[in-house]
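# Summary of structural features
One letter stands for each residue in the lines below.
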Amino acid sequence: MVCCGPFTVNNELSYEALKDFIQAAKRDQPHVLLLCGPFVSQNHEDVSSGDLRYRDPTTGHLKFMDYEGLFKEIMNYIWQGLGPESKTQVVIIPSTNEIIHTYPLPQPAMTANFGKLQVLRATNPAFIQLNDVSVGVINTDVIKDMCLNTCIKNPPNQEAKPKIDLVLQSMLQQRSFYPLYPGSPNTPIEWDQWNALAMLETPDILIAPSDLMLFAKNIEGCICVNPGTLYKGAVAGNYASITIDPLFLSEDMKQASGLLSNRASDRIRVDIVNI
């Protein structure tokens, strides 16, 4: 399962949709739960004003705390919601809008206090291996940035491709999580570390959260997914549930010499779920 922040509405810190999502995760018990920040967004009204009043999703009581304390409360709530005996592996991807992790792209893994929650701390962008399937994640709106800076002229008598498809194709062909220079003013990037934005190989799944339309597309054998965000303004949003079937090899394929495709695109199903 893949879920991206912000995890609460912009005028209060109730995290109601996060509560519903964690209940869905506890019900489905995924092997991996991929959470992309921001958890405490610098663009949130209460965070930017410094008036941090966190409403506990369980008791409904108000608590006053600092940024790090709020982040720890959120992590402890996720741990409590999943259950102490949960075998789900939680992976945390940072965001450039995270108030307690002020790094430009490419971002190192978060070093905050995760409380009781045991997590795998990934970088942004990240490359994660799930058995025989590779997953690339870029937690910034590169799709929107590139669509705003891309001009397309289609040849006559040829069917026009959606601009999003061309942007995804450009990312995969250029082997870059952010193939745009100069970047958007809203996306802080340390260009001296541009090599950390490169894809060393084409992933089987590419997670690219965006404010644009939700999608799950097969682009040149790579399943590209925009899971949306858990909140869009004051309205609850979406998350993605990704199912990967096991690889079945016939006896002839097992005995064959040379490289074999893992046929990942044929084994992957993506469901975009409304919260």
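The structure contained in this document is the topic of the report that follows. Because the structure is predicted, anything quoted here is derived from the model rather than measured.

## Side note on the overall build of the protein chain
Looking only at helices and strands, the protein chain has seven helices and 15 strands in total. In terms of C-alpha radius of gyration, the protein chain reaches 20 Å, essentially the compact-globule figure of 19 Å for 275 residues. Considering only C-alpha atoms, the protein chain reaches an extent of 60 × 45 × 35 Å along its principal axes. Within the protein chain, residue pairs in contact and separated by at least 24 positions form 66% of the contacts whose partners lie at least 6 positions apart. Positive and negative side-chain charges of the protein chain, numbering 21 and 29 respectively, have mean locations separated by a distance of 3 Å.

## Some thoughts on empty space enclosed by the protein
Counted by the stated rule, this structure contains one cavity of 30 Å³ or more. Counted as a void, the largest cavity has a volume near 40 Å³. For the lining of the largest cavity, the per-class residue count stands at seven nonpolar, three polar and no charged.

## Describing helix H3 (residues 67-82)
Since the α-helix packs 3.6 residues into each turn, any two residues three or four apart lie on the same face. Taking 1.5 Å as the rise per residue, H3 with 16 residues should run 22 Å; its terminal C-alpha atoms sit 23 Å apart, in good agreement. In this fold, the buried residues of H3 make contact with helix H1 (16-28), strand E2 (32-36), strand E3 (53-55) and strand E5 (89-93). A positive phi of about 100 degrees marks Gly83, the residue just after H3.

## What about the packing of H1 against H3?
Following both chains from N to C, one finds H1 and H3 inclined at 35 degrees, their axes separated by 9 Å at the closest point. In the crossing of H1 with H3, the sense of the turn from one axis to the other is right-handed. Across from Leu18, Lys19, Ile22, Ala25 and Lys26 in H1, the residues of H3 making contact are Ile74, Tyr77, Ile78, Gly81 and Leu82. Of the residues in the contact of H1 with H3, the class split is seven nonpolar, one polar and two charged.

## A short note on the environment of Cys4
With respect to the helices and strands, Cys4 occurs in strand E1 (residues 2-4). The class for Cys4 is buried, based on a relative accessible area of 1%. On a C-alpha basis, the gap between Cys4 and Ala240 in space is 9.3 Å, while along the polypeptide they are 236 residues apart. Residue contacts for Cys4: discarding those within four places in its chain leaves Cys36, Pro209, Pro227, Gly228, Thr229 and Leu230.

## As for the layout of surface pockets
If you roll a probe as big as a water molecule over the atoms, it shows you where there is empty space left. In this structure, the largest pocket spans a volume of roughly 760 Å³. Around the largest pocket sit 30 residues that line it, and Pro6, Asn43, Asn97, Asp141 and Asp211 are the ones nearest its centre. Going through the elements one at a time, helix H4 (142-148) and strand E12 (231-232) are the ones with two or more residues in the lining of the largest pocket. Per-element accounting of the lining of the largest pocket gives the leading share, three residues, to H4. Residue composition of the lining of the largest pocket, by class: seven nonpolar, 18 polar and five charged. Within this model, the second largest pocket holds a volume of roughly 630 Å³. Lining the second largest pocket are 24 residues, with His31, Val32, Leu130, Ile242 and Ile244 sitting closest to its centre.

## Describing the packing of aromatic side chains
Pairs of aromatic rings are described using the distance from one ring centre to the other and the angle between the two planes. Enumeration according to the criterion identifies six aromatic pairs in this entry. Ring geometry for Phe71 and Phe114: centres 5.4 Å apart, planes at 75 degrees, overall edge-to-face. Taken as a pair, Phe71 in helix H3 and Phe114 in the loop between E5 and strand E6 (119-121) lie far apart in primary sequence, 43 residues in all. Phe71 sits in the buried class, given a relative accessible area of 0%. Taken together, the aromatic side chains of Phe7, Phe39, Phe71 and Phe114 make up a single cluster linked through ring pairs.

## Brief notes about unusual backbone geometry
Of note, the amide linkage connecting Asn124 to Pro125 takes the cis form, showing an omega dihedral of 5 degrees. Relative to the assigned elements, Pro125 resides in the loop between E6 and strand E7 (126-130). A cis geometry characterises the amide bond from Tyr181 onward to Pro182, with omega recorded as -5 degrees. With respect to the element layout, Pro182 can be found in the loop between helix H5 (163-173) and strand E9 (205-207). The phi torsion at Gln29 lies on the positive side, around 50 degrees, for a residue other than glycine. Inspection of the secondary structure assignment puts Gln29 in the loop between H1 and E2. The class for Gln29 is exposed, based on a relative accessible area of 62%.

## Remarks on the side chain of Thr96
Position of Thr96 relative to the elements: it lies in the loop between E5 and E6. Overall, Thr96 belongs to the buried group, its relative accessible area being 12%. Setting aside anything within four residues of it in sequence, one finds Thr96 in contact with Gln42, Tyr103, Leu105, Gln107 and Pro188.

The rules behind these values
- Residues numbered from 1 in each chain as written.
- Predicted model: local features only at pLDDT ≥ 70, side-chain atom pairs only at ≥ 80, totals over all residues.
- Heavy atoms only, no water.
- Helix = DSSP H or I, 4+ residues; strand = E, 2+ residues; numbered from the N terminus.
- Rg over C-alpha atoms; globule rule 2.2 N^0.38 Å.
- Contact = heavy atoms within 4.5 Å.
- Lys, Arg positive; Asp, Glu negative; His and termini not counted.
- Charge placed at Lys NZ, Arg CZ, Asp CG, Glu CD.
- 1 Å grid on protein atoms, 1.4 Å probe; cavity = no way out; pocket = protein on both sides within 12 Å on 5 of 7 lines; lining within 4 Å.
- Points joined across faces, edges and corners; volume = space filled by probe spheres on them.
- Nonpolar A, V, L, I, M, F, W, Y, C, P; charged D, E, K, R; others polar.
- Expected span 1.5 Å × (residues − 1).
- Axes fitted to C-alpha atoms, helices over the stretch in contact; angles between N-to-C directions.
- Left-handed = near helix turned anticlockwise from the far one by under 90°.
- Buried < 20%, exposed > 50% of the residue type's maximum accessible area, 1.4 Å probe, protein only.
- Phe/Tyr/Trp six-rings, centres within 6.5 Å; stacked < 30°, edge-to-face > 60°.

Bear in mind that shape data such as this cannot, by itself, settle questions of function.
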